[in-house]
Structures are given as C-alpha cells and as structure tokens.
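A closer look at the structure
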Amino acid sequence: MLKGVDIGGTFIKVLWEDGRTEKHLIKDIKKDRDAFLKKVREVVLSGEPEGVGIAVAGFTSREGKVFKSPNIPSLDGVDFGELFKGKGVEIAVGNDVTLAAFGEWFFDYRESEVLLLIAVGTGLGGGLVLGGEPFFGVCGSALEAGHHIVLKGGFPCNCGRLGCWEAYCSSYGLQRTYRELGGEDLSDHEIVRRAKGGERTALRAVDSFKEFLSLGLMNMVHIFNPDTIVLGGGLIDSMLFALGDLEDKVRKLSEALPASCLRLRFSKAGEFLGARGALAYIRRVMNRY
Ligand SMILES: [Zn+2]
C-alpha cells in the first residue's frame with residue numbers, strides 16, 4: 001500500500017491509497033529537531049507502506065534535500081534520501097504545492113495540458129503540471145509564484161522582500177490589509193467570519209485580497225497560458241463565498257487569446273491537498289497510474 005505524507009507547519013497529514021487519513025499535531029515539537037525528525041520517521045514508516053510520497057513546505061531539491069523551510073526550520077538541511085536509506089521503502093519527495101498541482105492533474109484534470117495550482121493559506125505557493133508531468137525547474141524550486149512582486153515597495157513579505165504577491169494574498173497579508181484599513185489585529189479566520197457577517201472593514205479587506213489575487217493570476221495567465229488554474233489552500237477554501245466572480249475578473253484583466261483558453265476551478269482536495277499530491281506523485285514514481 002502507498003501513502004502520501006504532507007509535512008506542514010502545524011500538522012503532518014497522511015492520505016493512504018485506500019482513502020484513510022491521519023493528522024498528527026507537530027506544532028509543539030517542530031522546533032526540537034531530534035523530536036521532530038523522530039516523529040517524521042515514525043509517521044512515514046508506520047503501517048509498513050511500500051512507498052511514500054512526501055510533500056514538504058519549502059525549497060526542496062529534486063533528490064529530496066530540503067534547503068530552506070521558512071515555516072519549519074527543523075527541516076533545513078534534512079536529506080530525505082539519507083533519512084530513509086535502507087528502510088525498504090520507496091520515497092519520493094517534492095515541494096508541497098508542486099506535488100499538490102500534480103495531485104490535481106492526477107485525480108481531477110487529466111485532460112489538462114498546462115495546469116497551474118495556486119494555493120493560499122499561511123503563505124502563497126504555486127505548482128505547474130505540463131503534459132501530465134510536474135514541473136520542478138532545474139533545482140526543484142520552480143513556481144515560487146508567491147514571491148513575484150505585484151507592488152514595488154509594498155507590504156513586507158516573509159521572504160524579506162517588499163510587495164510580493166504573498167504579502168497581500170496570504171493569512172498574514174489579509175491580517176495586515178485589515179489593520180491598514182483601520183481594523184484590529186485579528187486572525188484571518190475572524191476577518192473572513194466578519195466579512196461573511198457583512199462587517200464593512202472586513203469586506204473591504206476581502207475585496208483588496210481579491211484585487212491582488214486577480215492581478216497575480218493575470219500575470220500567471222500571461223506567462224503560462226494555462227488551460228486550467230486551480231485555486232486551493234485553507235484561506236481560499238474559507239473565502240469561496242466571495243470568489244464566485246473571480247474567473248470573470250481574471251478573464252477581463254487578461255489578454256483575449258489566453259483568456260479564451262482558460263478555466264478557473266477550486267480544488268476539491270480540502271485540507272489534504274498536499275498529502276493527495278504526495279500520494280499521486282509516489283503512484284507516478286512507482287508506475288501505478
Ligand atoms: Zn516574498
């Protein structure tokens with residue numbers, strides 16, 4: 001049996017081939033490198049899988065070495081190939097959103113030639129699938145779309161730059177926008193909840209989020225000319241009430257030719273987006289299409 005494992009900042013999530021899921025809370029141990037890696041080993045090997053796909057939030061080489069994981073510093077420098085050498089299990093590792101994009105293609109959009117996934121939650125990540133193959137780039141770090149700049153000198157981003165797409169379209173981006181509009185320091189969930197309830201400032205923050213989301217998506221449409229853009233991630237899932245006209249907005253902003261080929265969809269994977277991608281990827285690596 002195969003499984004997909006998604007190592008995030010708060011949970012390690014697992015999706016087995018037969019549909020079973022697991023969630024392991026790691027928030028409290030993620031700063032203790034030894035305890036954290038022990039937990040990762042346990043979760044990956046438990047249930048004696050034949051193969052495991054591992055999705056990692058961070059810059060990950062094609063051979064499975066993590067160069068930098070801004071949200072999970074204990075992963076910095078971890079070499080997954082080494083970690084599971086001689087354990088009798090096939091391992092395939094990749095960036096979480098790249099694998100999640102492959103999961104979208106694998107489970108829902110196999111007819112797509114150019115599929116782009118944009119996932120918005122704590123941060124903003126992108127993944128691209130070309131002709132049914134995940135696109136990693138040369139080093140494995142392609143589609144860091146969150147760090148393309150949409151406003152010179154704009155909001156500070158977690159990467160250290162100013163005005164990145166993620167600085168506006170992410171949990172912390174929405175929180176900052178809400179504060180700039182005169183609101184209090186609230187969680188993204190609370191802001192979305194208030195917007196649903198009709199609070200003016202929250203609605204304006206959500207509108208601003210949508211403006212930046214559409215602008216960045218227009219850039220993506222012009223650069224990649226995709227037939228399918230899938231939006232996913234926790235913040236998108238919670239904001240669906242406000243995003244009904246997004247496809248229309250992006251189409252209107254974009255050039256007519258790429259707009260004519262485009263469809264915009266919302267992921268059905270929910271919180272197992274990364275784990276589902278990791279499962280799809282290990283199935284591909286082991287030829288179980
Ligand atoms: Zn950035």
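Above this text sits the structure in question.
Just so you know, these numbers come straight off a predicted model, no measurement behind them. Each chain has its residues counted from 1, following the order in which its sequence is written. Only residues with pLDDT of 70 or above have their local features reported here, since the model is predicted, and side-chain atom pairs are shown and tallied only from 80 upward, although totals for entire chains, interfaces and linings are computed over all residues. With hydrogens and water set aside, each side-chain value is computed from the structure's full complement of heavy atoms.

Before going further, it helps to spend a moment on helix α5 (residues 171-180). Quick reminder: α-helices carry 3.6 residues per turn. Residues three or four places apart thus point the same way. Taken residue by residue, α5 has S171, Y172, G173, L174, T177 and Y178 as its buried positions. Residue contacts follow a heavy-atom distance rule, with two residues in contact if any of their heavy atoms lie within 4.5 Å. Working definition: helices are DSSP H or I runs of at least four residues, strands are E runs of at least two. Numbering for both runs from the N terminus. Summarising the contacts, the buried residues of α5 are in contact with α4 (165-168), α6 (188-196), α7 (200-224) and α8 (234-238). Just beyond α5, the residue with positive phi is G182, at close to 100 degrees. Remark: exposure states derive from per-residue accessible area (1.4 Å probe, protein chains only) relative to the maximum for the residue type, with buried under 20%, exposed over 50%, and partly exposed in between.

Let us now look at the sheet that holds strand β7 (residues 90-95). Pairing between strands is defined by DSSP: at least two bridges between them are needed. The five strands lie next to each other as β3-β2-β1-β4-β7, forming an open sheet whose pairing is mixed. Lying at the two open borders of the sheet, with one neighbouring strand each, are β3 (21-25) and β7. Averaged over all adjacent pairs, the angle separating strand axes in this sheet is 15 degrees, with direction ignored. By the bridge criterion, six bridges tie strand β4 (residues 51-56) to β7 in an arrangement that is parallel. Across the sheet, V52 pairs through a bridge with I91, a residue of β7. Packed onto the sheet, helix α3 (residues 96-107) meets β1 (2-7), β4 and β7 and runs at close to 105 degrees relative to β7. Axis definition: a line fitted to C-alpha atoms, over the contacting stretch in the case of helices. Angles run 0 to 180 degrees between N-to-C directions. Contacts from helix α11 (residues 273-285) reach β1, β2 (11-16), β4 and β7, with the element oriented near 135 degrees to β1.

The next thing to look at is the coordination of the zinc ion. Donors, by definition, are the N, O and S atoms found within 2.8 Å of a metal, the threshold being 3.2 Å for Na, K and Ca, and water is not counted, so a site can look incomplete. At this site the zinc ion is bound by H147 (ND1), C157 (SG), C159 (SG) and C164 (SG), with donor distances of 2.0 to 2.3 Å. Just to be clear on the cut-offs, tetrahedral is four donors with all angles between 85 and 135 degrees, square planar is four donors and octahedral six with opposite donors over 155 degrees apart and all others between 65 and 115, and anything else goes down as irregular. Considering all four donor atoms around the zinc ion, the spread of angles at the metal, 105 to 121 degrees, places the coordination shape in the tetrahedral class. Positions of the donor residues of the zinc ion, expressed as sequence spacing, correspond to H-x9-C-x1-C-x4-C. Linking H147 in the loop between β10 (133-134) and α4 with C164 in the loop between β10 and α4, this pair joins segments that are 17 residues apart in sequence.

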